[in-house]
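Examining the three-dimensional arrangement
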Amino acid sequence: MSRVILVLNGPNLNTLGQREPDIYGRTSLEDIKGLTTARAKTHGLEADFRQSNEEGELVSWIQGARTLSPGGAAGIVINAAAYTHTSVAILDALLSCGLPVIEVHLSNIYKREEFRHHSFVSKAATGVICGFGAQGYELAVDAMANLLKAKTA
Ligand code: DQA
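Calculation criteria
- Residues numbered from 1 in each chain as written.
- Predicted model: local features only at pLDDT ≥ 70, side-chain atom pairs only at ≥ 80, totals over all residues.
- Heavy atoms only, no water.
- Helix = DSSP H or I, 4+ residues; strand = E, 2+ residues; numbered from the N terminus.
- Rg over C-alpha atoms; globule rule 2.2 N^0.38 Å.
- Buried < 20%, exposed > 50% of the residue type's maximum accessible area, 1.4 Å probe, protein only.
- Contact = heavy atoms within 4.5 Å.
- Areas by Shrake-Rupley, 256 points an atom, 1.4 Å probe, with all protein chains shown as cover.
- Axes fitted to C-alpha atoms, helices over the stretch in contact; angles between N-to-C directions.
- Parallel < 35°, antiparallel > 145°, perpendicular 65-115°, else oblique.
- Left-handed = near helix turned anticlockwise from the far one by under 90°.
- Nonpolar A, V, L, I, M, F, W, Y, C, P; charged D, E, K, R; others polar.
- Near = heavy atom within 4 Å.
- Polar contact = N/O pair within 3.5 Å; in protein donor to acceptor, adjacent residues only side chain to side chain.
- Pairing = 2+ DSSP bridges.

**Here's the deal with the overall build of the protein**
- Of regular secondary structure, the protein possesses five helices and five strands.
- Tracing the protein from N to C terminus, the helices and strands come up as β-α-α-β-α-β-α-β-β-α.
- Relative to the compact-globule value of 15 Å for 153 residues, the protein shows a C-alpha radius of gyration of 14 Å, a close match.
- In terms of overall dimensions, the protein has C-alpha extents of about 40 × 30 × 25 Å along its principal axes.
- Of all 153 residues assigned to the protein, the portion counted as buried reaches 50%.
- For the protein, restricting intrachain contacts to residue pairs at least 6 apart in sequence, the fraction spanning at least 24 positions comes to 74%.
- Accessible area for the protein stands at about 7300 Å²; split by element, carbon and sulfur atoms hold 50% of it.

Following this line, the structure appears as structure tokens:
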């Protein structure tokens, strides 16, 4: 089985660190990439960590997950950011990718504005981690490692 986890980040997450730090914290996306990659390594996994401000690019990456070089991705961790609440296209891509999906958010979306309480991504996700800031990515990697272990056991 592939040892690669695709970790996808949606719009505005490239500005983490400067963007509304009271909500999202002061950790940059580059630092989160470092944390995620390191945590993946402890499980013998590799994190392919990406960010895009474009919905279509995220859809294309999800579509390509199974055929990712060399052996395809084993699972997807996704923080779709604002597209979480709007994108049927991302939901459809996740539903048809045939891989385990874990949804992550830095903030607790259920504590915030009502429009953030609905997630299209959740309908395709095994589970959701939100409200733990950057640490949520490490928790998501741990959860994915457990899912993959259970799959091969
Ligand atoms: C977010 C929550 C979303 O509502 C928001 O649009 C984001 C970030 C989070 O990580 O807390 O951009 O996904």
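**Considering the packing of helix H2 (residues 29–42) against helix H5 (residues 135–152)**
- Running from amino to carboxyl end, H2 crosses H5 at an angle of 25°, the nearest separation of the two axes being 9 Å. The angle between the axes of H2 and H5 places the two elements in the roughly parallel class. Between H2 and H5 lies a crossing whose hand is right-handed. Contact with H2, carried on its side by Ile32, Leu35, Thr36, Arg39 and Ala40, involves Tyr137, Glu138, Val141 and Asp142 of H5 and no other residues of that element.
- Of the residues assigned to the contact of H2 with H5, the class counts are five nonpolar, one polar and three charged.

**A closer look at the side chain of Asn9**
- Relative to the helices and strands, Asn9 resides in strand E1 (residues 4–9).
- A relative accessible area of 0% places Asn9 in the buried class.

**With respect to the site of the ligand**
- Taken together, the residues surrounding the ligand are Arg19, Tyr24, Asn79, Ala81, Ala82, His85, His105, Leu106, Ser107, Ile109 and Arg116.
- Contacts to the ligand include Arg19, whose side-chain N or O atom sits 2.9 Å from an oxygen atom.
- When the free accessible area of the ligand is taken as 320 Å², the share hidden by the protein chains comes to 99%.
- Grouping the amino acids of the shell around the ligand by side-chain chemistry returns five nonpolar, four polar and two charged.

**Section: the pairing of E1**
- Among the six residues that make up E1, six are buried, leaving the element largely enclosed by the rest of the structure.
- Both faces of E1 are covered, namely the face carrying Val4, Leu6 and Leu8 and the face carrying Ile5, Val7 and Asn9.
- One ladder, built from six bridges, connects E1 with strand E2 (residues 46–51); its direction is parallel. Within the sheet, the bridge partner assigned to Val4 lies in E2 and is Glu46.
- Alignment of E1 against strand E3 (residues 75–79), held across five bridges, turns out to be parallel. From the neighbouring strand, Leu8 faces E3, where its bridge partner is Ile78.

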